[in-house]
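Working through the structure, step by step
As a plain string of letters, each chain reads:
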Amino acid sequence: MPSTSHTSPTVVSAPPRLVAFDLDGTLAPSKSPMPEPMAAALRALLDAVPVCIISGGQIGQFHDQVLSRLNADDQQLRRLHLIPTCGTRYYVYDSGEGNWRLIYANDLTPAQGQRACEVVESQARRLGLWEEHTWGPVLEDRGSQITFSALGQEAPLDAKQAWDPTGEKKGRLRDAVAALLPDLEIRSGGSTSVDITRKGVDKAYGMTRLSEVTGIRLEQMLFVGDRLDPEGNDYPVKALGVPCRAVDTWEETAALVTDLAARLAARDRS
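Residues numbered from 1 in each chain as written. Predicted model: local features only at pLDDT ≥ 70, side-chain atom pairs only at ≥ 80, totals over all residues. Heavy atoms only, no water.

Concerning the nonpolar core
Defined as follows: Here, the term nonpolar core denotes a set of buried Ala, Val, Leu, Ile, Met, Phe, Trp, Tyr and Cys residues that are joined through side-chain atoms within 4.5 Å. Accessibility here uses a 1.4 Å probe with only protein chains present; expressed as a share of the type maximum, an area under 20% marks a residue as buried, one over 50% as exposed, and anything in between as partly exposed. By definition, any uninterrupted DSSP run of H or I lasting at least four residues is a helix, any uninterrupted run of E lasting at least two residues is a strand, and each is numbered from the N terminus.
Ranked by size, the top nonpolar core spans 36 residues in total, and within it Phe 21, Met 34, Met 38, Leu 45 and Leu 80 carry the most contacts. Elements represented by at least two residues in this core include exactly β1 (18–21), α1 (36–46), β2 (51–54), α2 (59–70), β3 (80–83), β4 (89–94), β10 (221–225) and α9 (250–269). Take this core: its biggest share by element is seven residues, from α9. Val 120, Ala 159, Leu 184 and Ile 186 belong to the second-largest nonpolar core, a separate cluster that totals 23 residues.

Below is the structure:
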């Protein structure tokens, strides 16, 4: 299984034909707009290779955090693939229409969504993890994904980082919910979240569909994420065999992408 340390500049012997990224903690601080240095690096990379962003957030989060800050032209946008809600939906840019076209959606049924919300809330309350003071909704039905965010969808980053630094709380909740919803996929999401999707639909599923749509083999891709540990929601991509690079911050990602885009541009000029 491909792996890398944080100090190595790249994880593949040949330049990747496509680069995929997690969003929160990788391209931007959690639930925050992508900083301009990261946007500039991403535009340079889009000039060289296709780029995918795959995250637990819904498509609106992609617009707010990435697309509103990217300032990409039509040619760059045509190289961008968006896979929100942990692989359950996939969008590509339609330059003729000037909007994002849905390729597929693996939505939960209304009954599955309602049951998932009920189980998550009951188990969070039982385990003492249902917080009374929150920033925004704790439960969100994203159509293809139910997301529990312990402190609410709009919680500040410092509060989220302090709530469960070891991941132990999320792990207990995930295991309790999984025991009661064996027909669905339950996994730890971001720093305070647990995500629920249809069985077998996760970031590995999304990357596999990405390979099918683009014709680029998984081993020819590079995935960059901040949760590649076995408990993280990026880990299914690593387990699938995609070459991966672990990062801790968006600044680290920006440095990596700037270097990679420059090397790819130099290759294209030679």
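Here we look at the side chain of Ser 30
This is how it is decided: Whether two residues are in contact is decided by their heavy atoms, any of which lying within 4.5 Å being enough.
Residue placement: Ser 30 occurs in the loop between β1 and α1. Sequence-distant contacts of Ser 30, that is, excluding residues within four places in its chain, are made with Asp 24, Gly 25, Leu 157 and Lys 160.

Remarks on the packing of aromatic side chains
Filter applied, for reference: Only rings of Phe, Tyr and Trp enter the pairing, Trp through its six-membered ring, and a pair is recorded when the two centres are within 6.5 Å. The plane angle decides the type: under 30 degrees is stacked, over 60 is edge-to-face, the rest tilted.
If you walk through the whole model with that rule in mind, you get four aromatic pairs. For the ring pair Trp 130 and Phe 148, a centre distance of 6.2 Å and an interplane angle of 40° mean the geometry is tilted. Highlighted residues: Trp 130 in the loop between α4 (110–126) and β6 (139–141) and Phe 148 in strand β7 (residues 146–149), separated in sequence by 18 residues. Taking the relative accessible area as the measure of exposure, Trp 130 reaches 18% and is therefore buried. Assessed through its relative accessible area of 2%, Phe 148 is described here as buried. Pairwise contacts between aromatic rings join Tyr 90, Tyr 104 and Tyr 205 into one cluster.

Digging into the sheet that holds β6
Rules: Two strands pair under a simple rule: DSSP has to find at least two bridges between them. Axis angles are defined between N-to-C directions and span 0 to 180 degrees, where every axis is a line fitted to C-alpha atoms and, for a helix, only to the segment in contact.
Across the sheet, which stays open at both edges, the four strands sit in the order β6-β7-β9-β8 with antiparallel pairing between neighbours. Lying at the two open borders of the sheet, with one neighbouring strand each, are β6 and β8 (184–188). The mean inter-strand angle of the sheet, taken between neighbouring strand axes irrespective of direction, is 15°. Seen against the sheet, α4 touches β6, β7, β8 and β9 (193–198) and runs at an angle of roughly 20° to β7. Sheet strands in contact with helix α6 (residues 168–180) are β7, β8 and β9, and its direction is about 170° off that of β8.

Quick word on the sheet that holds strand β11 (residues 244–246)
Taken in spatial order, the seven strands make up an open sheet running β5-β4-β3-β2-β1-β10-β11, and their pairing is mixed. In the strand order of this sheet, the two ends are held by β5 (99–105) and β11, each with one partner. Direction aside, the axes of adjacent strands within the sheet are offset by 20° on average. When β1 meets β10, the two strands line up parallel, connected through four bridges. Along β10, the bridge assignment pairs Leu 18 with Met 221. Across the sheet, α2 lies against β2, β3, β4 and β5, angled at about 155° from β3, the strand it touches most.

With respect to α2
Given 3.6 residues to a turn, an α-helix orients residues that are three or four positions apart in the same direction. Stated formally: Our arc is simply the arc of the directions from the helix axis toward the C-beta atoms.
Every buried residue belonging to α2 is among Gln 61, Phe 62, Gln 65, Val 66, Leu 67 and Leu 70, and all of these are buried. For α2, the angular spread of the buried residues around the axis is 155°, confining them to a single face. Buried residues in α2 make contact with α1, β2, α3 (74–78), β3 and β5. Just downstream of α2, Asn 71 is the residue with a positive phi angle, here 55°.

Considering the packing of α4 against α6
This is how the line gets drawn: Our angle categories are set so that under 35 degrees counts as roughly parallel, over 145 as roughly antiparallel, 65 to 115 as roughly perpendicular, and the remainder as oblique. Two helices that cross are described as forming a left-handed crossing if the nearer one is turned anticlockwise from the farther one by less than a right angle, and a right-handed crossing if clockwise. Under the convention adopted here, Pro, Cys and the residues Ala, Val, Leu, Ile, Met, Phe, Trp and Tyr are nonpolar, Asp, Glu, Lys and Arg are charged, and Gly plus all remaining residues are polar.
The interhelical angle for the contact between α4 and α6, taken along N-to-C directions, is 135°, at an axis separation of 9 Å. Relative to α6, the element α4 lies oblique. Classified by chirality, the crossing of α6 by α4 is right-handed. In this structure, α4 contributes Arg 115, Val 119, Val 120, Gln 123, Ala 124 and Arg 126 to the contact, and α6 contributes Leu 173, Ala 176, Val 177 and Leu 180. Classifying every residue of the contact of α4 with α6 by side-chain character gives seven nonpolar, one polar and two charged.

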